[in-house]
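# Structural features, examined
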Amino acid sequence: MKVIIVGGGLSGICLAHQFEKSNISFRIIDEGINHSSKVAAGMINPMTFRRMIKTWKGDDLIPTLLEFYPEIEEKIQNRFFFSRELRRAYNSQHERDLWMKRLEDEEYKNYINPPEKSENTPTHLNAPFGNGFIDTPGYVDAKRFMKHNHDYFIENGALEYSKFDFDALDHEAKTYKNKAYTHLIFCEGYRGEDNPYFGYLPFKNAKGETLTIKSEVFKKDEILNKKCFVLPTEDNDFKLGATYAWNTKDPSPTEEGKQELLENYKLLSTAEFEIIDHEAGIRPAVADRRPLIGEHPTKKGLYIFNGLGAKGYMIAPHFAIEFVDFLKGEATIDKEADIQRFYKKHFKYKKS
Ligand SMILES: Cc1cc2nc3c(=O)[nH]c(=O)nc-3n(C[C@H](O)[C@H](O)[C@H](O)COP(=O)(O)OP(=O)(O)OC[C@H]3O[C@@H](n4cnc5c(N)ncnc54)[C@H](O)[C@@H]3O)c2cc1C
């Protein structure tokens, strides 16, 4: 196998490590501008608080990432994966009732803890309905993840910074710039919607904005969550995030986004802080909220690994392993993530 990975964000990096582990030859082409993996908070949150249910496949994804990220840290001799606690301030009495219900449910025993006593609740926290901890592995420091992994692959000669030139691709001959490949995998994040081969897929990208803030009030080991989150980073500051906005391709921060974050923050805490940075990115999200993974139905040798959405750092390890095993002929792609689910709508093609 001779693989080209287009895109060196979280998706491309996770695949590259899996190829390396399997002794498969690969190179990564990245434009050098990243608008999601680098900006992300990198939180691993096993719960969807809105309905107080487990996130999709969390029970499988978490054990995998708990091995995957430390293995990479060991290989590249740099750290980016850190433990944190996650404190949720309940939004309403209804949410507290749901929490109490889950507490008695065996299915949730790995995640939900009894509500905190009021004397253990920070005084700045707006928690009239109480609060409690979710067990989480913590977070991936996105900037460190991107920097250390890019340094590693550049040093190994596996990563080049350039924009993929579609005119230099001959997918029938399976060559790019006249060099042969066997598998070409597009990991372009939100830009996947402009891909001439895969742009037909139902991307529903979601812009997100965050503030980097400084404060002496928040604890350094716990993430606060209610309507927004405050995440302590390894740089001794905090990330306040994140917004959601659809139907935009502009990845720059906006005053509107900042004001939304400040409004949401009022519901979480009364603690004062200083803003030191404001960033934005675009999550590669999909209409049915599932990844976009698989081979082009008619252009053999062209693949996509995309659509990781708002929880990419949780999802990527499991699906990178599964996808590389699939390419080796040792696994199938999860039906919910496989782009075959859209073949019927767009191609006269028989499902295999
Ligand atoms: C504000 C915000 C907060 C987030 N918080 C979390 C969180 O707490 N937890 C979590 O798990 N996830 C979070 N996410 C989601 C997470 O960031 C994404 O799921 C993930 O980073 C997507 O990675 P990707 O590699 O698919 O895409 P990207 O990171 O967008 O990477 C795509 C790469 O492809 C390159 N590229 C694109 N087109 C070309 C081309 N033609 N030629 C060459 N290179 C190209 C780009 O330069 C880029 O580096 C957040 C996202 C945002 C924006």
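Residues numbered from 1 in each chain as written. Predicted model: local features only at pLDDT ≥ 70, side-chain atom pairs only at ≥ 80, totals over all residues. Heavy atoms only, no water.

In this section: the overall build of the chain. Each helix and strand counted, the chain has seven helices and 23 strands in total. Since a compact globule built from 352 residues should have a radius of gyration of about 20 Å, the 21 Å found for the chain is in line with a globular shape. For the chain, the C-alpha atoms occupy an extent of roughly 70 × 40 × 40 Å along the three principal directions. Relative to its 352 residues, the chain shows a buried fraction of 55%. Counting only contacts in the chain whose residues sit at least 6 apart along the sequence, the fraction spanning at least 24 positions is 73%. Split by element, the accessible area of the chain, about 16600 Å² in all, is 48% carbon and sulfur. Looking at charge distribution, the chain has the averaged site of its 51 positive side-chain charges lying 5 Å from that of its 54 negative ones. (Helix = DSSP H or I, 4+ residues; strand = E, 2+ residues; numbered from the N terminus. Rg over C-alpha atoms; globule rule 2.2 N^0.38 Å. Buried < 20%, exposed > 50% of the residue type's maximum accessible area, 1.4 Å probe, protein only. Contact = heavy atoms within 4.5 Å. Areas by Shrake-Rupley, 256 points an atom, 1.4 Å probe, with all protein chains shown as cover. Lys, Arg positive; Asp, Glu negative; His and termini not counted. Charge placed at Lys NZ, Arg CZ, Asp CG, Glu CD.)

On to the nonpolar core, then. Core analysis: the largest hydrophobic core is formed by 65 residues, its most contacted members being Leu15, Phe19, Tyr69, Phe145, Ile185 and Phe305. Tallying contributions element by element places helix H6 (residues 312–327) first for this core, with nine residues. Look past the residues within four positions of Phe145 in its chain and what remains in contact with it is Leu10, Ile13, Cys14, Tyr69, Phe80, Val140 and Tyr313. Counting 20 residues, the second largest nonpolar core, distinct from the first, contains Phe164, Leu292, Leu302 and Phe342. (Core = buried A, V, L, I, M, F, W, Y, C linked by side-chain atoms within 4.5 Å.)

Within strand S23 (residues 302–306), five of the five residues are buried, which leaves the element mostly enclosed by the surrounding structure. Burial of S23 is two-sided: the residues Leu302, Ile304 and Asn306 facing one way and the residues Tyr303 and Phe305 facing the other way are all buried. Bridge count for strand S15 (residues 183–186) against S23 is three bridges, and the pairing is parallel. Looking across to S23, one finds that Ile185 is bridged to Tyr303. Bridge count for strand S22 (residues 292–295) against S23 is four bridges, and the pairing is antiparallel. Its bridge partner lying in S23, Leu292 is registered against Asn306. Adjacent in sequence and paired antiparallel, S22 and S23 are bridged by six residues, among which Gly301 carries a positive phi angle near 95°. (Pairing = 2+ DSSP bridges.)

Okay, the site of the ligand next. As a matter of local geometry, the ligand sits amid 37 residues, with Ser11, Asp30, Ile33, Ser37 and Gly309 nearest to it. Within the contact set of the ligand, an oxygen atom lies 2.9 Å away from a side-chain nitrogen or oxygen of Asn34. In this structure, an oxygen atom belonging to the ligand sits 2.9 Å away from a main-chain N or O atom of Met43. Burial of the ligand by the protein chains amounts to 97% of its free accessible area of 1000 Å². Of all the elements in the fold, those that place two or more residues in the shell around the ligand are helix H1 (10–21), strand S2 (25–30), strand S16 (206–214), strand S21 (274–283) and H6. Viewed by domain, the shell around the ligand spans two of them, domain 1 (2–38 + 143–201 + 287–346) and domain 2 (90–135 + 206–283), each represented by three or more residues. (Near = heavy atom within 4 Å. Polar contact = N/O pair within 3.5 Å; in protein donor to acceptor, adjacent residues only side chain to side chain. Domains from an automatic or database assignment.)

Enumeration according to the criterion identifies 26 aromatic pairs in this entry. Between Phe164 and Phe186, the aromatic rings sit 5.6 Å apart at their centres with planes inclined by 90°, giving edge-to-face as the arrangement. Taken together, the residues Phe164 in the loop between strand S11 (159–161) and strand S12 (169–170) and Phe186 in strand S15 connect sequence positions 22 residues apart. Relative accessible area serves as the criterion here: at 8%, Phe164 is assigned to the buried category. Taking relative accessible area as the criterion, Phe186 reaches 0% and is therefore assigned buried. A ring pair is formed by Tyr265 and Phe273, whose centres lie 4.8 Å apart and whose planes are at 90°; its orientation type is edge-to-face. Cluster of aromatic residues (ring-pair linked, three or more members): Phe68, Tyr69, Phe80, Phe81, Phe145 and Tyr313. The lysine or arginine in question, Lys54, covers the ring of Tyr108, its NZ or CZ lying 5.4 Å from the ring centre. The ring of Tyr108 has Arg102 lying over it, and the distance from NZ or CZ to the ring centre is 5.4 Å. (Phe/Tyr/Trp six-rings, centres within 6.5 Å; stacked < 30°, edge-to-face > 60°. Lys NZ or Arg CZ within 6 Å of the ring centre and 35° of its normal.)

These figures come from the coordinates and say nothing about function on their own.
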